[in-house]
Amino acid sequence: RLARHLGLNERIIQERMGRERRESLGVATTAPKWIGTKELNHLFWLLLHHPAEVGPVIAEAEPSMVTERPGAGHAMELLLSKMQLPEVIDQIADPDVAHVLRAAAAKEKLYDRDDAARAARDIITGLRVQDIQSRLSAIDQDLSTCTPSGDRSRYYELLQTRQRLQREKDALKRGFTTNSG
């Protein structure tokens with residue numbers, strides 16, 4: 001009725017009211033929030049619930065392999081240094097990471113204490129395999145454009161690197177299969 005009274009299209013009024021309501025409620029009208037990867041969220045959960053068991057395992061991982069988000073990496077470092085969650089949240093300047101941390105802290109039991117270190121190792125191993133696979137794909141791309149007759153040393157260097165990475169990936173997968181089953 002308001003639309004007719006004002007002489008406007010009803011859909012325009014509904015859209016405008018809905019947008020203003022979302023904005024007044026603080027609901028994002030742009031891109032969705034960052035929610036972290038399954039692996040990162042599980043590592044956060046493990047660090048929050050079983051820090052003594054998983055801290056040494058997670059500390060061995062390359063931070064950029066675990067996450068590329070600076071706030072998440074910083075939070076991981078702080079948790080590894082045994083800082084408590086409220087202090088970590090105060091230290092990081094990323095509300096999305098803070099939200100992920102709170103959700104991980106509130107989540108019900110994902111892993112038993114006895115399985116925590118193995119779970120962290122399995123997650124880290126899976127991330128290493130993914131990292132190696134992406135590096136292998138990049139090398140395959142380079143090899144597809146490299147000609148052995150034109151740049152022999154570069155070509156053989158790529159082949160050697162590829163073979164080394166493939167052996168590393170195979171070893172990780174064998175260890176993962178052996179340790180997981």
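Fair warning: this is a prediction, and the values are worked out from it, not measured in the lab. (Residues numbered from 1 in each chain as written. Predicted model: local features only at pLDDT ≥ 70, side-chain atom pairs only at ≥ 80, totals over all residues. Heavy atoms only, no water.)

S.K.: I keep staring at the overall build of the chain and nothing clicks. Help me out?
M.R.: On a plain count of helices and strands, the chain comes out with 10 helices and zero strands. The order of α-helices and β-strands along the chain, N terminus first, is α-α-α-α-α-α-α-α-α-α. Here the chain, with 181 residues, has 32% of them falling under the buried criterion. When contacts within the chain are restricted to residue pairs at least 6 apart in sequence, those whose partners lie at least 24 apart make up 65%. A total of about 12,200 Å² of accessible surface is found on the chain, and carbon and sulfur atoms cover 50% of it. (Helix = DSSP H or I, 4+ residues; strand = E, 2+ residues; numbered from the N terminus. Buried < 20%, exposed > 50% of the residue type's maximum accessible area, 1.4 Å probe, protein only. Contact = heavy atoms within 4.5 Å. Areas by Shrake-Rupley, 256 points an atom, 1.4 Å probe, with all protein chains shown as cover.)

S.K.: Even after reading the chapter, I still don't get the nonpolar core, so can you show me in this structure?
M.R.: Side chains that are nonpolar tend, in soluble globular proteins, to be buried together. Counting residues in hydrophobic clusters, the biggest one holds 34 residues, and the most contacted among them are Leu43, Phe44, Leu46, Val66, Met76, Ile92 and Leu101. When contributions to this core are tallied by element, the ones reaching two or more residues are helix 3 (38-49), helix 4 (51-59), helix 5 (63-66), helix 6 (70-80), helix 7 (85-91), helix 8 (95-106) and helix 9 (113-145). The element contributing the most residues to this core is helix 9, with seven residues. If near-sequence neighbours (up to four positions away) are discounted, Leu101 is found in contact with Phe44, Leu48, Ala75, Leu79, Leu85, Val88, Ile89 and Ile92. Counting 10 residues, the second-largest nonpolar core is a separate cluster that includes Ile132, Cys146, Tyr155 and Leu158. (Core = buried A, V, L, I, M, F, W, Y, C linked by side-chain atoms within 4.5 Å.)

S.K.: Explain the packing of helix 3 against helix 4 to me, please; I cannot follow it from the model alone.
M.R.: How two helices pack is summed up by the angle between their axes together with the distance between the axes. Packing of helix 3 against helix 4 brings their axes to within 6 Å, and their N-to-C directions diverge by 130°. As the angle between them shows, helix 3 and helix 4 are arranged oblique. Crossing of helix 3 against helix 4: the hand is left-handed. Taking contact as the criterion, the partners of Leu43, Leu46, Leu47, Leu48 and His49 in helix 3 are, on helix 4, Pro51, Val54, Gly55 and Ile58. (Axes fitted to C-alpha atoms, helices over the stretch in contact; angles between N-to-C directions. Parallel < 35°, antiparallel > 145°, perpendicular 65-115°, else oblique. Left-handed = near helix turned anticlockwise from the far one by under 90°.)

S.K.: Explain the side chain of His50 to me, please; I cannot follow it from the model alone.
M.R.: As for its placement among the helices and strands, His50 is situated in the loop between helix 3 and helix 4. Polar side-chain contacts of His50 include one of 3.1 Å to the backbone oxygen of Tyr111. For His50, the residues in contact, after removing those within four places along its chain, are Trp45, Tyr111, Asp112, Arg113 and Ala116. (Polar contact = N/O pair within 3.5 Å; in protein donor to acceptor, adjacent residues only side chain to side chain.)

S.K.: Sorry if this is basic, but what is going on with the environment of Ala105 here?
M.R.: Take Ala105: it is sitting in helix 8. Taking the C-alpha atoms as reference, Ala105 lies 9.3 Å from Leu46; in sequence the two are 59 residues apart. Discounting chain neighbours no more than four positions away, the residues touching Ala105 are Leu48, His49 and Leu85.

S.K.: Would you take a moment to explain the packing of helix 3 against helix 9 for this structure?
M.R.: One can describe the packing of helix 3 onto helix 9 by two numbers: an axis separation of 10 Å at closest approach and a directional angle of 150°. Considering their axes alone, helix 3 and helix 9 lie roughly antiparallel with respect to each other. Considering only the axes of helix 3 and helix 9, their crossing is left-handed. Along its contact with helix 3, which presents Glu39, His42, Leu43, Leu46 and His49, the element helix 9 presents Arg113, Ala116, Ala119, Ala120, Ile123, Ile124, Leu127 and Gln130. Looking at side-chain class alone, the contact of helix 3 with helix 9 contains eight nonpolar, three polar and two charged residues. (Nonpolar A, V, L, I, M, F, W, Y, C, P; charged D, E, K, R; others polar.)

S.K.: Help me understand the pattern of salt bridges, please; the structure alone is not making it clear to me.
M.R.: Side-chain pairs of opposite charge can arise where the charged atoms are in close proximity. The full count for this structure, using the stated rule, is nine salt bridges. Note that Arg164 is salt-bridged to Glu168, the shortest N-O span being 3.7 Å. Taken together, the residues Arg164 and Glu168, both in helix 10 (residues 152-180) and four residues apart, mark about one turn of the helix. Owing to a relative accessible area of 40%, Arg164 belongs among the partly exposed residues under this scheme. Each of Arg69, Asp94 and Asp96 takes part in salt bridges that share partners, so that together they form one network. (Salt bridge = Lys/Arg side-chain N within 4 Å of Asp/Glu carboxyl O.)

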